Amino acid sequence: MTEISASAPGKFVILGEHAVVYGKPAIALAIDRRFYMTVKRDDEFKINGEAADLKANPHMRYIIGRNDMISVSVQMDSKIPTGSGLGSSAALSVAFSAAIRALSGKSLKEAEVAEEAFEAEYFSQGRGSPMDTSASAHGHGIALNVSGKEDDRLWDISKNEHTWNISKIEVPAMTFVIGYTGIRAATGPLVEKVRKYKDSNRFALDIINEIGQITLEGMDALRTNNVVELGELMTKDHKLLSILGVSSNELNKLVNASLPYAYGAKLTGAGGGGSIVALTDQPNKVCDAIASRGGVPFIVKTGVEGMNVSKKE
Ligand code: PMV
């Protein structure tokens, strides 16, 4: 019986989360924490050997629905903490889309998997951008809605009134430390919180535009390897995200603990709980500072490959 193994990486956002939902620029890097799964046809839907309800797994339900409703059993294992702001549900969607498409004999082009996984995320959350699924499908580094060389363009994804141009970027030779608060936070409600704020407060749109502007400046800092400038922009971005209401005491604590040893630090992903990311050349000191404030630190390796699929007959 054909068995497909697939994996896909998590990511962190250097700059631009939340504003990217409104078509603003963003920059994300894939990390060495992955979602792994093995998928094969079966009489009923099973997860890790147990019968499971497709309705309780909306990402998978959407992907199965788009691929002839094939019935499968899935063995899965994730090294990306759920609700950590590191793109675990996008990595699940990318790996599952790639696996199901491989089983159904469909194209495994990164662009098609990224789009299908984005639609699965949208179906599950009712909102969001294609940043996470694009970063997970392609791996390495991506920028959204940032002008650059035509050769760097990977794909475009449109939904409702927004279009995102996705380009590959060179992964910077910089050290980033993640600090996980240990608090799970679902992405959907935080994106919704920003939407409500934007609809009820004229000044929220200024903040979103400012995040977009900072991200463009950050792209220049990345291209010129200017860690001082990039770090300052990251910390500024954290302040703007705090104004949008997506930071928390725990996130602020970890950002503040990191800053004496970092060029900059900010929450990454949806916020609420989840993680921060610090740009530093003293990673061990940042790790100690994060741990001393109750966070779980890890130095991330970047420049990792995107989705990976293999078939065993
Ligand atoms: O928390 P994560 O890893 O799902 O990241 C969410 C990023 C947002 O910009 C807040 C939402 C999105 O879909 O882009």
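The shown structure was predicted, so the numbers you read here are calculated from the model rather than taken from an experiment.

What counts, and at which threshold
- Residues numbered from 1 in each chain as written.
- Predicted model: local features only at pLDDT ≥ 70, side-chain atom pairs only at ≥ 80, totals over all residues.
- Heavy atoms only, no water.
- Near = heavy atom within 4 Å.
- Polar contact = N/O pair within 3.5 Å; in protein donor to acceptor, adjacent residues only side chain to side chain.
- Areas by Shrake-Rupley, 256 points an atom, 1.4 Å probe, with all protein chains shown as cover.
- Helix = DSSP H or I, 4+ residues; strand = E, 2+ residues; numbered from the N terminus.
- Nonpolar A, V, L, I, M, F, W, Y, C, P; charged D, E, K, R; others polar.
- Domains from an automatic or database assignment.
- Salt bridge = Lys/Arg side-chain N within 4 Å of Asp/Glu carboxyl O.
- Pairing = 2+ DSSP bridges.
- Axes fitted to C-alpha atoms, helices over the stretch in contact; angles between N-to-C directions.
- Contact = heavy atoms within 4.5 Å.
- Buried < 20%, exposed > 50% of the residue type's maximum accessible area, 1.4 Å probe, protein only.
- Phe/Tyr/Trp six-rings, centres within 6.5 Å; stacked < 30°, edge-to-face > 60°.
- Lys NZ or Arg CZ within 6 Å of the ring centre and 35° of its normal.
- Expected span 1.5 Å × (residues − 1).

The subject of this paragraph is the site of the ligand. Looking at the ligand, there are 16 residues lining it, with Lys11, His18, Ser129, Thr187 and Ala270 nearest. At 2.7 Å, a side-chain N or O of Lys11 approaches an oxygen atom of the ligand. Note that an oxygen atom of the ligand is positioned 2.9 Å from one of the backbone N or O atoms of Ala270. For the ligand, whose accessible area on its own is 390 Å², the fraction buried by protein is 95%. Every element with two or more residues in the shell around the ligand is listed here: α4 (131-138) and α5 (187-200). Broken down by class, the residue content of the shell around the ligand amounts to six nonpolar, seven polar and three charged. For the shell around the ligand, the two domains that each supply at least three residues are domain 1 (3-170 + 303-312) and domain 2 (176-300).

Another aspect to go through is the pattern of salt bridges. Counted according to the given criterion, the structure contains 17 salt bridges. The residue Lys266 makes a salt bridge to Glu17 at a minimum N-O spacing of 3.0 Å. In this pair, Lys266 sits in strand β10 (residues 264-268) while Glu17 sits in the loop between β1 (3-15) and β2 (26-41), placing the two residues 249 residues apart along the sequence. Asp199 is the partner of Arg195 in a salt bridge, and the nearest nitrogen-oxygen pair spans 2.7 Å. Taken as a pair, Arg195 and Asp199 lie in helix α5 at a separation of four residues, close to a single helical turn.

Spatially, the four strands line up as an open sheet ordered β10-β11-β9-β12, and their pairing is antiparallel. Both outer strands of the open sheet, β10 and β12 (296-299), are each paired with one neighbouring strand and no more. The average angle at which neighbouring strand axes cross in this sheet is 25 degrees, direction not considered. Direction of pairing for strand β9 (residues 175-180) relative to β12: antiparallel, over a ladder of four bridges. Its bridge partner lying in β12, Ile178 is registered against Phe298. Of the strands in this sheet, β9, β10 and β11 (275-280) touch helix α8 (residues 249-258), which is tilted by about 10 degrees from β11.

Our next topic: unusual backbone geometry. With a phi angle near 70 degrees, His18 is a residue other than glycine that sits in the positive phi range. Residue classification places His18 among the buried positions, given a relative accessible area of 5%. Within the chain, Asn145 stands out as a residue other than glycine whose phi angle is a positive 55 degrees. Within the fold, Asn145 resides in the loop between β6 (141-144) and β7 (153-159). Looking at Asn145, the relative accessible area reads 17%, which means it is buried.

Time to look at the packing of aromatic side chains. Enumeration according to the criterion identifies four aromatic pairs in this entry. Centroid distance Phe12 to Phe176: 4.9 Å. Interplanar angle 50 degrees. Geometry classified as tilted. Of this pair, Phe12 sits in strand β1 while Phe176 sits in strand β9, and the two are 164 residues apart along the sequence. Like Phe12, the residue Phe176 is buried in the burial classification. On the basis of an interplanar angle of 70 degrees and a centroid distance of 5.9 Å, the ring pair of Phe118 and Trp164 is categorised as edge-to-face. You can see Phe118 sitting in helix α3 (residues 110-125) and its partner Trp164 sitting in strand β8 (residues 162-168), a full 46 residues away along the chain. For the pair Phe118 and Trp164, a shared accessibility class is recorded, and that class is buried. Here Arg33 stacks its cationic end above the ring of Phe298, 4.0 Å away from the centre of that ring.

This brings us to α3. The terminal C-alpha atoms of α3 lie 22 Å apart, and with 16 residues this matches the ideal 22 Å at 1.5 Å per residue to within 8%. Considered for burial, the residues of α3 that qualify are Val113, Ala114, Glu116, Ala117, Phe118, Glu119, Ala120, Glu121, Tyr122 and Gln125. Elements that come into contact with the buried residues of α3 comprise α1 (58-66), α2 (88-103), α4, β7, β8 and α5. Positive phi shows up at Gly126, right after α3, with a value of about 75 degrees.

Interpretation note: all reported values are geometric properties and have no functional meaning in isolation.
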